[in-house]
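Understanding the architecture of this molecule
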Amino acid sequence: MPHPDDAAAPVPDPTPSAGHAHRPFVPDDPLGWFDNARETCPALWHPQTASWYITRFDDVWRLLLDDRLAARSPDPFLRELTAPQRVAVRPLVDFLSRWPMFLDPPRHTVVRRVMRPAFTPAEVARVAGVVHESATADGALPAAGDEDLLDTLLRPSCRAALSALLGVSPDDFPQLVDWSERLMGFVGRARIDLALVGEAEEALEQLTDFTGKTLAAAASPLATAVGTAVRDGVLEPAEAVAIYAQLVTGALEPTVAVLAVALQAVCRGPAYREGYRRDPGGFVNEAARLATPFHFAARRAVRDLEVRGQRIPAGSRVVLVLAAANRDPGRFSAPLEFRWDRTRAHVAFGRGRHACLGALVAHHTMRPVLDAQLAGSGNLRPLDVQWRIGMGMRAPLSVTAGTAT
(Lines give C-alpha, C1' and ligand atoms only; values in the text may rest on other atoms or scores of the structure.)
Protein backbone atom coordinates (compact mmCIF):
# COMPACT_ATOMS: atom_id res chain seq x y z
CA MET A 1 0.00 0.00 0.00
CA PRO A 2 1.32 3.50 -0.77
CA HIS A 3 1.30 4.74 2.80
CA PRO A 4 3.83 7.21 4.19
CA ASP A 5 6.73 5.97 6.27
CA ASP A 6 5.34 4.03 9.22
CA ALA A 7 7.81 5.65 11.61
CA ALA A 8 6.11 8.34 13.68
CA ALA A 9 7.27 11.85 12.89
CA PRO A 10 7.58 14.30 15.80
CA VAL A 11 4.54 16.49 16.33
CA PRO A 12 5.59 19.96 15.13
CA ASP A 13 5.65 22.98 17.39
CA PRO A 14 2.03 24.18 17.30
CA THR A 15 3.01 27.81 17.82
CA PRO A 16 3.35 29.68 14.49
CA SER A 17 6.77 31.13 13.96
CA ALA A 18 7.24 34.80 13.17
CA GLY A 19 6.14 35.63 9.65
CA HIS A 20 4.12 32.40 9.29
CA ALA A 21 1.08 33.13 11.43
CA HIS A 22 -1.16 33.24 8.35
CA ARG A 23 0.21 30.15 6.64
CA PRO A 24 -2.32 27.27 6.62
CA PHE A 25 -1.11 24.36 8.74
CA VAL A 26 -0.20 21.37 6.56
CA PRO A 27 2.49 19.00 7.88
CA ASP A 28 4.79 17.35 5.34
CA ASP A 29 3.39 13.95 6.35
CA PRO A 30 -0.22 14.41 7.50
CA LEU A 31 -0.87 10.72 8.14
CA GLY A 32 2.35 10.42 10.14
CA TRP A 33 1.39 13.53 12.09
CA PHE A 34 -2.02 12.03 12.89
CA ASP A 35 -0.45 8.69 13.88
CA ASN A 36 2.05 10.36 16.19
CA ALA A 37 -0.66 12.44 17.82
CA ARG A 38 -2.64 9.24 18.41
CA GLU A 39 0.27 7.58 20.19
CA THR A 40 1.58 10.59 22.13
CA CYS A 41 -1.34 12.98 22.72
CA PRO A 42 -4.63 11.47 21.53
CA ALA A 43 -6.65 14.54 22.58
CA LEU A 44 -4.41 17.28 21.18
CA TRP A 45 -5.11 21.01 21.35
CA HIS A 46 -3.48 22.75 18.37
CA PRO A 47 -3.48 26.57 18.66
CA GLN A 48 -2.50 27.23 15.05
CA THR A 49 -5.72 25.69 13.78
CA ALA A 50 -7.68 26.42 16.99
CA SER A 51 -8.78 22.78 17.04
CA TRP A 52 -8.81 19.70 19.22
CA TYR A 53 -7.60 16.59 17.33
CA ILE A 54 -9.07 13.29 18.57
CA THR A 55 -7.19 10.33 17.12
CA ARG A 56 -7.80 7.07 19.07
CA PHE A 57 -10.35 4.75 17.50
CA ASP A 58 -12.41 4.22 20.65
CA ASP A 59 -12.76 7.98 21.19
CA VAL A 60 -13.64 8.73 17.56
CA TRP A 61 -16.14 5.84 17.48
CA ARG A 62 -17.89 7.13 20.60
CA LEU A 63 -17.83 10.83 19.71
CA LEU A 64 -19.36 10.27 16.27
CA LEU A 65 -22.58 9.54 18.19
CA ASP A 66 -22.15 12.16 20.94
CA ASP A 67 -24.93 14.78 20.89
CA ARG A 68 -22.57 17.25 22.56
CA LEU A 69 -20.92 17.66 19.15
CA ALA A 70 -22.70 19.53 16.35
CA ALA A 71 -22.00 18.86 12.68
CA ARG A 72 -21.14 22.41 11.68
CA SER A 73 -17.73 23.35 13.05
CA PRO A 74 -16.29 26.88 13.21
CA ASP A 75 -14.49 27.87 10.01
CA PRO A 76 -10.86 28.30 11.09
CA PHE A 77 -9.90 30.27 7.99
CA LEU A 78 -12.49 32.94 8.81
CA ARG A 79 -10.53 33.84 11.94
CA GLU A 80 -7.78 35.38 9.84
CA LEU A 81 -10.03 37.45 7.56
CA THR A 82 -10.70 41.14 7.69
CA ALA A 83 -14.28 42.33 8.14
CA PRO A 84 -14.67 43.17 4.41
CA GLN A 85 -13.32 39.75 3.47
CA ARG A 86 -15.83 38.06 5.77
CA VAL A 87 -18.64 39.97 4.06
CA ALA A 88 -17.31 38.92 0.66
CA VAL A 89 -17.24 35.20 1.45
CA ARG A 90 -20.35 35.02 3.64
CA PRO A 91 -22.76 33.95 0.81
CA LEU A 92 -20.45 31.07 -0.10
CA VAL A 93 -19.98 30.04 3.53
CA ASP A 94 -23.74 30.14 4.02
CA PHE A 95 -24.16 27.90 0.98
CA LEU A 96 -21.65 25.39 2.36
CA SER A 97 -23.53 25.37 5.66
CA ARG A 98 -26.55 23.93 3.80
CA TRP A 99 -24.68 20.79 2.73
CA PRO A 100 -26.23 17.71 4.41
CA MET A 101 -22.94 16.83 6.10
CA PHE A 102 -23.02 20.16 7.97
CA LEU A 103 -26.64 19.99 9.10
CA ASP A 104 -27.99 19.01 12.50
CA PRO A 105 -31.50 17.85 13.43
CA PRO A 106 -34.19 18.68 12.73
CA ARG A 107 -33.06 20.00 9.33
CA HIS A 108 -30.63 17.16 8.77
CA THR A 109 -33.42 14.63 9.35
CA VAL A 110 -35.63 16.29 6.73
CA VAL A 111 -32.89 16.44 4.08
CA ARG A 112 -31.75 12.89 4.69
CA ARG A 113 -35.31 11.60 4.40
CA VAL A 114 -35.68 13.34 1.03
CA MET A 115 -32.46 11.72 -0.24
CA ARG A 116 -33.31 8.15 0.79
CA PRO A 117 -35.01 7.10 -2.51
CA ALA A 118 -31.59 7.39 -4.16
CA PHE A 119 -30.18 4.65 -1.94
CA THR A 120 -32.76 1.85 -2.04
CA PRO A 121 -31.58 -1.66 -3.02
CA ALA A 122 -33.31 -1.32 -6.39
CA GLU A 123 -31.60 1.99 -7.16
CA VAL A 124 -28.21 0.69 -6.01
CA ALA A 125 -28.63 -2.30 -8.33
CA ARG A 126 -29.53 0.00 -11.24
CA VAL A 127 -26.45 2.15 -10.66
CA ALA A 128 -24.27 -0.96 -10.39
CA GLY A 129 -25.59 -2.09 -13.77
CA VAL A 130 -24.57 1.22 -15.33
CA VAL A 131 -21.08 0.81 -13.86
CA HIS A 132 -20.84 -2.74 -15.17
CA GLU A 133 -21.55 -1.53 -18.70
CA SER A 134 -18.92 1.20 -18.33
CA ALA A 135 -16.28 -1.10 -16.81
CA THR A 136 -16.65 -3.83 -19.44
CA ALA A 137 -16.70 -1.50 -22.43
CA ASP A 138 -12.92 -1.46 -22.87
CA GLY A 139 -11.97 -4.93 -21.68
CA ALA A 140 -9.28 -5.90 -19.19
CA LEU A 141 -6.36 -4.01 -17.74
CA PRO A 142 -3.80 -2.68 -20.22
CA ALA A 143 -0.31 -4.04 -20.60
CA ALA A 144 2.59 -2.65 -18.60
CA GLY A 145 3.54 0.86 -19.54
CA ASP A 146 0.19 1.66 -21.14
CA GLU A 147 -2.23 4.40 -20.13
CA ASP A 148 -3.00 5.67 -16.66
CA LEU A 149 -5.98 3.70 -15.37
CA LEU A 150 -7.06 6.66 -13.28
CA ASP A 151 -8.52 8.39 -16.33
CA THR A 152 -9.31 5.36 -18.48
CA LEU A 153 -11.02 3.08 -15.95
CA LEU A 154 -11.40 4.36 -12.39
CA ARG A 155 -12.79 7.85 -12.91
CA PRO A 156 -15.00 6.90 -15.88
CA SER A 157 -16.57 4.08 -13.84
CA CYS A 158 -17.19 6.30 -10.83
CA ARG A 159 -18.51 9.12 -13.00
CA ALA A 160 -20.91 6.68 -14.66
CA ALA A 161 -22.25 5.71 -11.24
CA LEU A 162 -22.65 9.26 -10.02
CA SER A 163 -24.20 10.43 -13.29
CA ALA A 164 -26.82 7.68 -13.00
CA LEU A 165 -27.46 8.55 -9.35
CA LEU A 166 -27.83 12.29 -10.02
CA GLY A 167 -29.82 11.88 -13.21
CA VAL A 168 -27.36 13.78 -15.40
CA SER A 169 -25.55 12.97 -18.62
CA PRO A 170 -21.95 11.77 -18.27
CA ASP A 171 -21.10 14.48 -20.79
CA ASP A 172 -22.10 17.08 -18.19
CA PHE A 173 -19.80 15.70 -15.55
CA PRO A 174 -16.64 17.66 -16.44
CA GLN A 175 -18.64 20.85 -15.98
CA LEU A 176 -20.01 19.66 -12.65
CA VAL A 177 -16.49 18.88 -11.44
CA ASP A 178 -15.28 22.29 -12.56
CA TRP A 179 -18.06 24.05 -10.66
CA SER A 180 -17.28 21.98 -7.59
CA GLU A 181 -13.58 22.81 -7.75
CA ARG A 182 -14.28 26.51 -8.15
CA LEU A 183 -16.70 26.46 -5.22
CA MET A 184 -14.08 24.87 -3.00
CA GLY A 185 -11.21 26.96 -4.33
CA PHE A 186 -11.56 29.70 -1.75
CA VAL A 187 -11.90 27.45 1.32
CA GLY A 188 -8.97 27.07 3.67
CA ARG A 189 -7.16 30.21 2.56
CA ALA A 190 -6.11 32.56 5.30
CA ARG A 191 -5.78 35.35 2.76
CA ILE A 192 -8.79 35.45 0.52
CA ASP A 193 -8.27 36.06 -3.16
CA LEU A 194 -11.31 38.05 -4.26
CA ALA A 195 -10.85 36.73 -7.81
CA LEU A 196 -11.37 33.20 -6.47
CA VAL A 197 -14.44 34.35 -4.58
CA GLY A 198 -15.82 35.75 -7.83
CA GLU A 199 -15.15 32.47 -9.64
CA ALA A 200 -16.88 30.53 -6.86
CA GLU A 201 -19.90 32.83 -6.96
CA GLU A 202 -20.13 32.37 -10.74
CA ALA A 203 -19.88 28.59 -10.33
CA LEU A 204 -22.64 28.62 -7.72
CA GLU A 205 -24.91 30.59 -10.03
CA GLN A 206 -24.29 28.17 -12.92
CA LEU A 207 -24.69 25.09 -10.71
CA THR A 208 -27.95 26.48 -9.37
CA ASP A 209 -29.31 26.86 -12.91
CA PHE A 210 -28.10 23.38 -13.91
CA THR A 211 -29.59 21.74 -10.82
CA GLY A 212 -32.96 23.33 -11.49
CA LYS A 213 -33.01 21.89 -15.00
CA THR A 214 -31.86 18.48 -13.74
CA LEU A 215 -34.62 18.33 -11.14
CA ALA A 216 -37.20 19.27 -13.75
CA ALA A 217 -36.03 16.43 -16.01
CA ALA A 218 -36.42 13.92 -13.11
CA ALA A 219 -34.13 11.37 -14.76
CA SER A 220 -33.30 9.50 -11.53
CA PRO A 221 -35.03 8.70 -8.23
CA LEU A 222 -32.82 11.29 -6.52
CA ALA A 223 -33.74 14.03 -8.99
CA THR A 224 -37.41 13.09 -8.70
CA ALA A 225 -37.39 13.08 -4.90
CA VAL A 226 -35.43 16.31 -4.52
CA GLY A 227 -37.45 18.08 -7.21
CA THR A 228 -40.72 17.05 -5.58
CA ALA A 229 -39.46 18.23 -2.18
CA VAL A 230 -38.60 21.65 -3.63
CA ARG A 231 -41.98 22.00 -5.34
CA ASP A 232 -43.78 20.95 -2.15
CA GLY A 233 -41.81 23.41 -0.04
CA VAL A 234 -40.08 20.68 1.97
CA LEU A 235 -36.68 21.85 0.70
CA GLU A 236 -35.48 25.28 -0.29
CA PRO A 237 -33.96 25.48 -3.80
CA ALA A 238 -30.57 26.27 -2.25
CA GLU A 239 -30.75 23.04 -0.24
CA ALA A 240 -31.30 21.07 -3.44
CA VAL A 241 -28.21 22.67 -4.98
CA ALA A 242 -26.28 21.87 -1.80
CA ILE A 243 -27.25 18.18 -2.08
CA TYR A 244 -25.94 18.00 -5.64
CA ALA A 245 -22.78 19.94 -4.79
CA GLN A 246 -21.99 17.66 -1.86
CA LEU A 247 -22.54 14.50 -3.88
CA VAL A 248 -20.25 15.68 -6.68
CA THR A 249 -17.55 16.87 -4.30
CA GLY A 250 -17.88 14.15 -1.67
CA ALA A 251 -18.59 11.04 -3.71
CA LEU A 252 -16.50 11.06 -6.88
CA GLU A 253 -12.86 11.32 -5.84
CA PRO A 254 -13.27 9.45 -2.51
CA THR A 255 -14.81 6.50 -4.38
CA VAL A 256 -11.97 6.66 -6.91
CA ALA A 257 -9.47 6.53 -4.02
CA VAL A 258 -11.04 3.44 -2.44
CA LEU A 259 -11.31 1.76 -5.84
CA ALA A 260 -7.60 2.41 -6.45
CA VAL A 261 -6.72 0.62 -3.20
CA ALA A 262 -9.06 -2.30 -3.95
CA LEU A 263 -7.87 -2.72 -7.55
CA GLN A 264 -4.23 -2.57 -6.49
CA ALA A 265 -4.91 -5.33 -3.95
CA VAL A 266 -6.75 -7.54 -6.47
CA CYS A 267 -3.75 -7.24 -8.79
CA ARG A 268 -1.24 -8.36 -6.16
CA GLY A 269 -1.64 -12.05 -6.78
CA PRO A 270 -3.84 -15.16 -6.67
CA ALA A 271 -4.32 -15.13 -2.88
CA TYR A 272 -5.80 -11.63 -3.01
CA ARG A 273 -8.03 -12.53 -5.95
CA GLU A 274 -9.32 -15.57 -4.09
CA GLY A 275 -9.95 -13.36 -1.05
CA TYR A 276 -12.06 -11.05 -3.17
CA ARG A 277 -14.02 -13.92 -4.71
CA ARG A 278 -14.79 -15.37 -1.27
CA ASP A 279 -15.90 -12.10 0.30
CA PRO A 280 -16.16 -9.16 -2.11
CA GLY A 281 -17.96 -7.03 0.47
CA GLY A 282 -15.28 -7.55 3.09
CA PHE A 283 -12.57 -6.94 0.51
CA VAL A 284 -14.00 -3.58 -0.54
CA ASN A 285 -14.65 -2.72 3.09
CA GLU A 286 -10.96 -3.23 3.88
CA ALA A 287 -10.03 -1.02 0.93
CA ALA A 288 -12.25 1.70 2.36
CA ARG A 289 -10.58 1.40 5.77
CA LEU A 290 -7.09 1.66 4.33
CA ALA A 291 -7.96 4.50 1.98
CA THR A 292 -10.10 6.61 4.37
CA PRO A 293 -10.22 9.32 1.66
CA PHE A 294 -11.61 12.00 3.99
CA HIS A 295 -9.20 12.21 6.89
CA PHE A 296 -11.46 13.75 9.47
CA ALA A 297 -14.92 14.87 10.50
CA ALA A 298 -14.89 18.34 12.03
CA ARG A 299 -17.42 19.10 14.74
CA ARG A 300 -18.33 21.88 17.20
CA ALA A 301 -18.71 21.23 20.91
CA VAL A 302 -22.10 22.55 22.00
CA ARG A 303 -21.43 21.56 25.61
CA ASP A 304 -18.29 20.95 27.62
CA LEU A 305 -16.85 17.46 27.35
CA GLU A 306 -13.78 15.58 28.50
CA VAL A 307 -11.58 13.30 26.39
CA ARG A 308 -8.54 11.50 27.76
CA GLY A 309 -8.48 13.80 30.77
CA GLN A 310 -8.60 16.94 28.60
CA ARG A 311 -11.47 19.37 29.11
CA ILE A 312 -12.89 20.57 25.80
CA PRO A 313 -15.03 23.68 26.35
CA ALA A 314 -18.26 24.42 24.54
CA GLY A 315 -17.69 26.27 21.28
CA SER A 316 -14.45 24.46 20.48
CA ARG A 317 -13.68 22.98 17.08
CA VAL A 318 -13.23 19.23 17.52
CA VAL A 319 -11.59 17.26 14.70
CA LEU A 320 -12.38 13.53 14.78
CA VAL A 321 -9.47 12.08 12.81
CA LEU A 322 -10.96 9.14 10.93
CA ALA A 323 -7.65 8.34 9.24
CA ALA A 324 -5.81 7.98 12.54
CA ALA A 325 -8.65 5.92 14.03
CA ASN A 326 -8.62 3.52 11.07
CA ARG A 327 -4.85 3.05 11.48
CA ASP A 328 -5.05 2.52 15.25
CA PRO A 329 -3.18 -0.67 16.22
CA GLY A 330 -5.30 -0.82 19.34
CA ARG A 331 -8.26 -1.57 17.07
CA PHE A 332 -6.70 -3.21 13.99
CA SER A 333 -3.81 -5.65 14.14
CA ALA A 334 -1.06 -4.65 11.66
CA PRO A 335 -3.24 -1.71 10.56
CA LEU A 336 -1.26 -0.82 7.42
CA GLU A 337 -1.66 -4.31 5.96
CA PHE A 338 -4.50 -5.17 3.59
CA ARG A 339 -6.43 -7.99 5.27
CA TRP A 340 -9.74 -8.76 3.59
CA ASP A 341 -10.92 -11.01 6.42
CA ARG A 342 -11.11 -8.29 9.09
CA THR A 343 -14.47 -8.23 10.86
CA ARG A 344 -14.17 -5.12 13.05
CA ALA A 345 -16.07 -2.01 11.95
CA HIS A 346 -14.16 1.08 10.80
CA VAL A 347 -15.09 4.75 10.45
CA ALA A 348 -14.20 5.55 6.83
CA PHE A 349 -17.90 6.17 6.13
CA GLY A 350 -18.55 7.85 9.47
CA ARG A 351 -21.16 6.63 11.93
CA GLY A 352 -24.57 7.59 13.27
CA ARG A 353 -26.82 10.16 11.69
CA HIS A 354 -23.98 11.46 9.51
CA ALA A 355 -22.89 8.04 8.29
CA CYS A 356 -22.42 8.18 4.53
CA LEU A 357 -25.70 7.40 2.77
CA GLY A 358 -23.74 6.51 -0.34
CA ALA A 359 -21.58 3.83 1.28
CA LEU A 360 -23.63 1.03 -0.31
CA VAL A 361 -23.53 2.77 -3.69
CA ALA A 362 -19.75 3.11 -3.37
CA HIS A 363 -19.43 -0.62 -2.63
CA HIS A 364 -21.55 -1.53 -5.62
CA THR A 365 -19.74 0.95 -7.85
CA MET A 366 -16.42 -0.76 -7.17
CA ARG A 367 -17.47 -4.38 -7.44
CA PRO A 368 -18.43 -4.34 -11.16
CA VAL A 369 -15.02 -2.81 -11.94
CA LEU A 370 -13.19 -5.47 -9.93
CA ASP A 371 -15.36 -8.23 -11.38
CA ALA A 372 -14.61 -7.05 -14.91
CA GLN A 373 -10.89 -7.19 -14.27
CA LEU A 374 -11.09 -10.62 -12.63
CA ALA A 375 -12.88 -11.93 -15.71
CA GLY A 376 -9.55 -11.48 -17.53
CA SER A 377 -7.38 -12.29 -14.52
CA GLY A 378 -4.72 -13.97 -16.64
CA ASN A 379 -3.72 -10.51 -17.84
CA LEU A 380 -3.73 -8.79 -14.44
CA ARG A 381 -0.53 -6.94 -13.61
CA PRO A 382 0.61 -5.31 -10.36
CA LEU A 383 -0.37 -1.67 -10.12
CA ASP A 384 1.63 1.33 -9.01
CA VAL A 385 -0.54 3.99 -7.32
CA GLN A 386 0.90 7.44 -6.66
CA TRP A 387 -0.94 9.55 -4.07
CA ARG A 388 -1.53 13.16 -3.17
CA ILE A 389 -1.94 13.21 0.60
CA GLY A 390 -3.17 16.44 2.17
CA MET A 391 -4.29 17.42 5.62
CA GLY A 392 -7.96 16.76 4.86
CA MET A 393 -7.98 13.99 2.28
CA ARG A 394 -5.99 11.71 0.02
CA ALA A 395 -6.48 11.11 -3.70
CA PRO A 396 -4.63 9.06 -6.31
CA LEU A 397 -2.44 10.96 -8.77
CA SER A 398 -1.88 8.02 -11.12
CA VAL A 399 -2.64 4.30 -11.39
CA THR A 400 -0.38 2.44 -13.79
CA ALA A 401 0.28 -1.20 -14.61
CA GLY A 402 3.68 -2.75 -13.93
CA THR A 403 5.33 -6.07 -14.77
CA ALA A 404 3.14 -9.16 -14.78
CA THR A 405 3.09 -11.37 -11.66
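Up top you'll find the structure we're talking about.
The structure reproduced in this document is the subject of the present report. (Residues numbered from 1 in each chain as written. Predicted model: local features only at pLDDT ≥ 70, side-chain atom pairs only at ≥ 80, totals over all residues. Heavy atoms only, no water.)

**A short note on empty space enclosed by the protein**
- Tallied over the entire structure, the rule returns 2 cavities of 30 Å³ or more.
- Gly-282, Asn-285, Glu-286, Arg-289, Phe-332, Arg-339, Trp-340, Arg-342, Arg-344 and His-346 are the residues that line the largest cavity.
- The residue inventory of the lining of the largest cavity, partitioned by class, reads 2 nonpolar, 3 polar and 5 charged.
- In this structure, the second largest cavity encloses a volume near 40 Å³.
- In terms of lining, the second largest cavity is formed by 10 residues, of which the most central are Leu-290, Ala-291, Thr-292, Ala-323 and Arg-327.
- The element best represented in the lining of the second largest cavity is helix H12 (residues 280–291), accounting for 3 residues.
- Counted by class, the lining of the second largest cavity contains 4 nonpolar, 3 polar and 3 charged residues. (1 Å grid on protein atoms, 1.4 Å probe; cavity = no way out; pocket = protein on both sides within 12 Å on 5 of 7 lines; lining within 4 Å. Points joined across faces, edges and corners; volume = space filled by probe spheres on them. Nonpolar A, V, L, I, M, F, W, Y, C, P; charged D, E, K, R; others polar. Helix = DSSP H or I, 4+ residues; strand = E, 2+ residues; numbered from the N terminus.)

**Remarks on unusual backbone geometry**
- In this chain, Pro-105 is followed by Pro-106 through a cis amide linkage whose omega measures 5 degrees.
- Position of Pro-106 relative to the elements: it lies in the loop between helix H3 (83–96) and helix H4 (107–115).
- Phi is positive for Ala-334, close to 45 degrees, though the residue is something other than glycine.
- Judged by its relative accessible area of 26%, Ala-334 is partly exposed. (Buried < 20%, exposed > 50% of the residue type's maximum accessible area, 1.4 Å probe, protein only.)

**Section: the pattern of salt bridges**
- Using the criterion set out here, one finds 22 salt bridges in the structure.
- Residue Arg-308 is joined to Asp-59 by a salt bridge in which the shortest nitrogen-to-oxygen separation is 2.6 Å. Residue Arg-308 is located in the loop between strand S5 (305–307) and strand S6 (310–312), and its partner Asp-59 is located in helix H2 (residues 57–63); the two are separated by 249 residues in the primary sequence.
- Residues Asp-178 and Arg-182 are paired through a salt bridge, measuring 3.2 Å at the closest nitrogen-oxygen approach. One end of the pair, Asp-178, and the other, Arg-182, are both in helix H7 (residues 173–184), 4 residues apart, so they sit about a helical turn from each other.
- In this structure Asp-178 comes out as partly exposed when scored by relative accessible area, which is 30%.
- If you follow the salt bridges from partner to partner, you end up with Asp-35, Arg-38, Glu-39 and Arg-327 in one network. (Salt bridge = Lys/Arg side-chain N within 4 Å of Asp/Glu carboxyl O.)

**Re helix H6 (residues 149–166)**
- Here H6 spans 24 Å end to end across 18 residues, near enough to the 26 Å set by a 1.5 Å rise per residue.
- When the local axis directions of H6 are compared, the greatest deviation, roughly 35 degrees, occurs at Arg-155, which is followed within four positions by the proline Pro-156.
- For H6, a buried count of 14 out of 18 residues is recorded, marking the element as mostly surrounded by other parts of the structure.
- Where H6 begins, one side-chain oxygen reaches toward the backbone nitrogen of Leu-150, 2.9 Å away; that side chain belongs to Asp-148. (Expected span 1.5 Å × (residues − 1). Bend = angle between axes of the 7 residues up to and from the residue. Polar contact = N/O pair within 3.5 Å; in protein donor to acceptor, adjacent residues only side chain to side chain.)

**Re the sheet that holds strand S2 (residues 51–54)**
- The sheet built from 5 strands is open, its strands ordered S1-S2-S7-S4-S3 with mixed pairing. Looking at which strands have only one partner, the edges of the open sheet turn out to be strand S1 (43–46) and strand S3 (69–70).
- Of the pairings in the sheet, the one linking S2 to strand S7 (residues 317–321) comprises 4 bridges and is parallel in character. Bridging from a neighbouring strand, Ile-54 pairs with Leu-320 of S7.
- On the sheet, helix H1 (residues 30–40) packs against S1, S2, strand S4 (296–301) and S7 and is oriented at approximately 120 degrees with respect to S1. (Pairing = 2+ DSSP bridges. Contact = heavy atoms within 4.5 Å. Axes fitted to C-alpha atoms, helices over the stretch in contact; angles between N-to-C directions.)

**Looking at the packing of helix H11 (residues 270–278) against helix H14 (residues 359–375)**
- Look at H11 against H14: their axes get within 12 Å of each other, and the N-to-C directions meet at 130 degrees. In terms of their interaxial angle, H11 and H14 are classed as oblique. In the crossing of H11 with H14, the sense of the turn from one axis to the other is left-handed. Judged by residue contacts, Arg-273, Tyr-276 and Arg-277 of H11 engage Arg-367, Leu-370, Asp-371 and Leu-374 from H14.
- When its residues are assigned to classes, the contact of H11 with H14 shows 3 nonpolar, no polar and 4 charged. (Parallel < 35°, antiparallel > 145°, perpendicular 65-115°, else oblique. Left-handed = near helix turned anticlockwise from the far one by under 90°.)

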